[in-house]
Amino acid sequence: MNSMLTVPENFPPAYIRYLEAQDEGFAETVLMVMKQSVAEGKHGILISDQALDRGAETSKEVPFGEIVEGTR
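Residues numbered from 1 in each chain as written. Predicted model: local features only at pLDDT ≥ 70, side-chain atom pairs only at ≥ 80, totals over all residues. Heavy atoms only, no water.

Caption draft 1: How the structure looks around the overall build of the protein. Helix and strand counts for the protein stand at two helices and three strands. What you see in the protein, going N to C, is helices and strands ordered as α-α-β-β-β. In terms of overall dimensions, the protein has a C-alpha envelope of 30 × 30 × 15 Å along the principal axes. For the protein, contacts bridging at least 24 residues in sequence account for 29% of all contacts bridging at least 6. On the protein, roughly 4,500 Å² of surface is accessible, and the fraction owed to carbon and sulfur atoms is 49%. Looking at the protein, you have 6 positive and 12 negative side-chain charges, and the mean spots of the two groups are 7 Å apart. (Helix = DSSP H or I, 4+ residues; strand = E, 2+ residues; numbered from the N terminus. Contact = heavy atoms within 4.5 Å. Areas by Shrake-Rupley, 256 points an atom, 1.4 Å probe, with all protein chains shown as cover. Lys, Arg positive; Asp, Glu negative; His and termini not counted. Charge placed at Lys NZ, Arg CZ, Asp CG, Glu CD.)

And the structure:
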């Protein structure tokens, strides 16, 4: 795991596994969205995988604690 990131203990396992597989820059972006997801406890994370604009957001279409990669 990247030593620069501090991951809260209450994170779902899928979030932690996903972060471990990312480069540091994108992991920081995703981490902010994951913290929002965990705070709300309602929605999972949608990773938009468009070549120029990779991003992350909470999505009501994704169950809490899960991550889905795709395009919007």
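Caption draft 2: Up close: the side chain of S59. With respect to the helices, strands and loops of the structure, S59 is situated in strand β2 (residues 54–63). Discounting residues that sit within four places of it in the chain, S59 has contacts with H43, G44 and L46.

Caption draft 3: Layout of the pattern of salt bridges. Taken as a whole and judged by the stated rule, the model has one salt bridge. Of the charged contacts in the structure, one is a salt bridge between E69 and R54, with a shortest N-O distance of 3.9 Å. Of this pair, E69 sits in strand β3 (residues 67–70) while R54 sits in strand β2, placing them 15 residues apart in sequence. On the basis of relative accessible area, E69 is assigned to the partly exposed category, the value being 43%. (Salt bridge = Lys/Arg side-chain N within 4 Å of Asp/Glu carboxyl O. Buried < 20%, exposed > 50% of the residue type's maximum accessible area, 1.4 Å probe, protein only.)

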